[in-house]
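# Structural overview
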Amino acid sequence: MRYAKTVLLMGGVELLVRNAVASDARALRETMQRTHAQTDYLLSYPDEQSGDDEQEARSLEETERSGNEVELIAVVDERIVGSAGITAVGGKRKVGHRARFGISVLQEYWGMGIGRVLMETCIGCALRAGYAQLELEVVADNERALSLYRRAGFEEYGRNPRGYRSAAAGYQELVYMRLEL
Ligand SMILES: CC(C)(COP(=O)(O)OP(=O)(O)OC[C@H]1O[C@@H](n2cnc3c(N)ncnc32)[C@H](O)[C@@H]1OP(=O)(O)O)[C@@H](O)C(=O)NCCC(=O)NCCS
């Protein structure tokens, strides 16, 4: 799915939100590598990133062509500072109404409203794609993310006390959330 829009954040910072394209593959992978090293709240470790730049480029091309998935990047001063996306829960017709949401922003850009813009844009894309429900899972003590999701209208529908097992923190409880569209 294609998308591009520039918004002005508080303090006059110009933020470009657009769908990632094949030529973003390397820079996006570098940003993902950093965001995954900066937090213990994401599913994977930096060394678990799959594929290489070429595979990433092909996957971004496919996502851009798709009518029901999107990979958005947040660009400040021509630098990719975060990303967010929606993916279909599955290919079967009975779950065709459900999409998953994921997001990460470089730590030095937290608290500027970039997360909120990415989240709202993804919700808009999910509506455009015709989904009826957006879903996510979040570590229970990830206050910043929980605040973002609650404000967008996501509601908790369950928990898994042993959702993740972090090398640093041990078991992490996961909160399952959903937004009816
Ligand atoms: C979660 C994340 C995407 C938020 O991005 P961000 O750009 O900082 O988001 P925003 O600036 O829009 O702020 C998000 C919320 O955090 C709140 N916030 C700001 N500082 C905070 C703090 N110190 N503690 C708790 N909440 C805080 C903001 O008020 C905002 O809530 P609101 O929408 O109710 O006002 C970002 O912190 C991140 O990438 N974290 C690591 C990866 C991650 O956890 N991803 C989500 C996995 S489920």
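Numbers given to residues run from 1 along each chain, matching the order in which its sequence is written. Local features in this predicted model are restricted to residues of pLDDT 70 or higher, and side-chain atom pairs are both shown and tallied only at a pLDDT of 80 or more, whereas totals for entire chains, interfaces and linings draw on every residue. With hydrogens and water set aside, each side-chain value is computed from the structure's full complement of heavy atoms.

### Quick notes on the nonpolar core
Take the buried residues of types Ala, Val, Leu, Ile, Met, Phe, Trp, Tyr and Cys, join any two whose side-chain atoms come within 4.5 Å, and each joined set is a nonpolar core. Throughout this description, buried means an accessible area under 20% of the type-specific maximum (1.4 Å probe, protein chains only), exposed means over 50%, and partly exposed covers the range between. Counting 37 residues, the largest nonpolar core has Ile86, Phe101, Ile114, Leu118, Leu134 and Tyr149 as the members making the most contacts within it. Every element with two or more residues in this core is listed here: strand E2 (14-19), strand E3 (70-76), strand E4 (79-88), strand E5 (98-105), helix H3 (114-128), strand E6 (133-139), helix H4 (143-152) and strand E8 (170-180). Secondary structure elements follow DSSP: runs of H or I no shorter than four residues count as helices, runs of E no shorter than two count as strands, and numbering proceeds from the N terminus. In terms of residue count, the dominant contributor to this core is H3 (8 residues). When neighbours within four sequence positions are excluded, Ile114 is seen to be in contact with Leu9, Leu15, Ala74, Val76, Val81, Val105 and Tyr109. Listed in part, the 8 residues of the second largest apolar core include Ala20, Ala25, Ile73 and Ile80. In what follows, a contact means two residues having at least one pair of non-hydrogen atoms within 4.5 Å.

### Points about the environment of Glu173
Here Glu173 shows up in strand E8. With 60 residues separating them in the primary sequence, Glu173 and Gly113 have C-alpha atoms 26 Å apart. The residues touching Glu173, leaving out its near neighbours within four places in the chain, are Val138, Val139, Ala140, Arg159, Asn160 and Pro161.

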